[in-house]
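# Structural overview for review
For reference, the chains in residue letters:
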Amino acid sequence: MDTITYQIGNGVYINLTNKCSNDCTFCERNRISGVEGYYLWLQEEPTAEQIITSLKTFDLKDFDEVIFCGFGEPTYKWNVIKDVAVYAHSIGKSTRLNTNGQGILINGYDITDEIANYIDKVNISLNNGNAKRYDEVSRSIYGEKAFDELQKFGAKCLAKGVHTTFSVVDCIPKEEIECARHIAEKIGANFRVREEIK
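Presented here is a report on the structure given in the accompanying data block. The residue numbers shown here count from 1 along each chain, following its written sequence. In keeping with the model being predicted, local features are shown solely for residues with a pLDDT of at least 70 and side-chain atom pairs are shown and tallied solely at 80 or more, while totals for entire chains, interfaces and linings include all residues. Side-chain descriptors were evaluated using all non-hydrogen atoms of the structure, hydrogens and water having been removed beforehand.

### Topic: the pattern of salt bridges
The term salt bridge refers to a pairing of a side-chain nitrogen on Lys or Arg with a carboxyl oxygen on Asp or Glu at a separation within 4 Å. Scanning the model with the defined rule gives 11 salt bridges in all. Among the salt bridges present, the one from glutamate 65 reaches arginine 96, with a minimum N-O distance of 3.1 Å. Pair noted here: glutamate 65 is in strand S5 (residues 65–68) and arginine 96 is in strand S6 (residues 94–99), with a separation of 31 residues, a long-range link. Each member of the pair, glutamate 65 together with arginine 96, is buried. Several salt bridges converge on common partners, so that one network encompasses Lys132, Arg133, Glu136 and Glu176. We count a stretch as a helix when DSSP gives it H or I for four or more residues in a row; a strand needs E for two or more, and each element gets its number in order from the N terminus. Buried means the residue's accessible area, taken with a 1.4 Å probe over protein chains only, is under 20% of the maximum for its type, while exposed means over 50%, and partly exposed covers the values in between.

### Details of the nonpolar core
Across soluble globular proteins, nonpolar side chains show a tendency to be buried alongside one another. Remark: nonpolar core denotes a set of buried residues (Ala, Val, Leu, Ile, Met, Phe, Trp, Tyr, Cys) joined through side-chain atoms within 4.5 Å. Judged by nonpolar contacts, the single largest core of 46 residues is most densely connected at Phe68, Ile115, Ile119 and Val122. In terms of residue count, the dominant contributor to this core is helix H2 (residues 78–90) (7 residues). Every residue in contact with isoleucine 119, bar those within four places of it in the chain, is listed here: Phe68, Trp78, Ile81, Thr95, Arg96, Leu97 and Val162. One finds Tyr13, Ile67, Cys69 and Phe71 within the second-largest nonpolar core, a separate group that totals 6 residues. The criterion used for residue contact is that any of the two residues' heavy atoms lie within 4.5 Å.

### Let's talk about unusual backbone geometry
Phi at asparagine 127 is positive, roughly 70°, even though this residue is not glycine. The topology assignment puts asparagine 127 in the loop between strand S7 (121–125) and helix H5 (131–138). The phi dihedral of arginine 139 falls on the positive side, at around 50°, and the residue is not glycine. Examined against the element boundaries, arginine 139 turns out to sit in the loop between H5 and helix H6 (145–159).

Below you can see the structure in the form of C-alpha cells.
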C-alpha cells in the first residue's frame, strides 16, 4: 500500500508524486527508499479525495501543519495541492509547501498568483549560490535557467505575503552556503541550512 500521508513531529506530510524536475546528487531518492521509516515510492499518484480521506485518520490534536513534500516535486500536482489545502484550512491547520521552486516552469503559468490562497509557508531548496554550481548539483531538466526561476518564485511568494524560506543542504562547501545565504537575504527570505539525510 502506498504511503500518501505520514507524520513527523507536529506535521502531517503529503506524498504526492515520484516526479521531480531535478535529479540532485545528494537526494535521498538515489540512496534510500524513504524517510523516518516511511517507504515513499508511489505505485500510483493519489487523488485529492484519497489524501483528504487519509488525513481524516489522524487525530486533529496531534498535528498543526499539513506539509506538501514527499519524494517528488509537489508542484507537479498543483491542482491536488489546492484542493487538499482548502480542506487543511477548513480543519484549522496551516499549510507548507516544500519545493524546488520550479512550479511556474512545471505548470506553464504563474502559480504564485494563486499561492497565498492555499499555502501559508513555502520552503524552497536553493541548493547552491550560483547557477553553474546549482546545475551541477541539482541537474534540473531546465538547466541553469532553473536557478534564476526559483529565486523569482521565492520573491513572488514573499510579495504575496507567504512566509518564505530558502534552504541548502550542509553537504556543499561553506563558501557556497554563504553565497546562498546572501541570495536569500537579498530577496528578503529566511535562510536555513539542512542536515543531509544519510
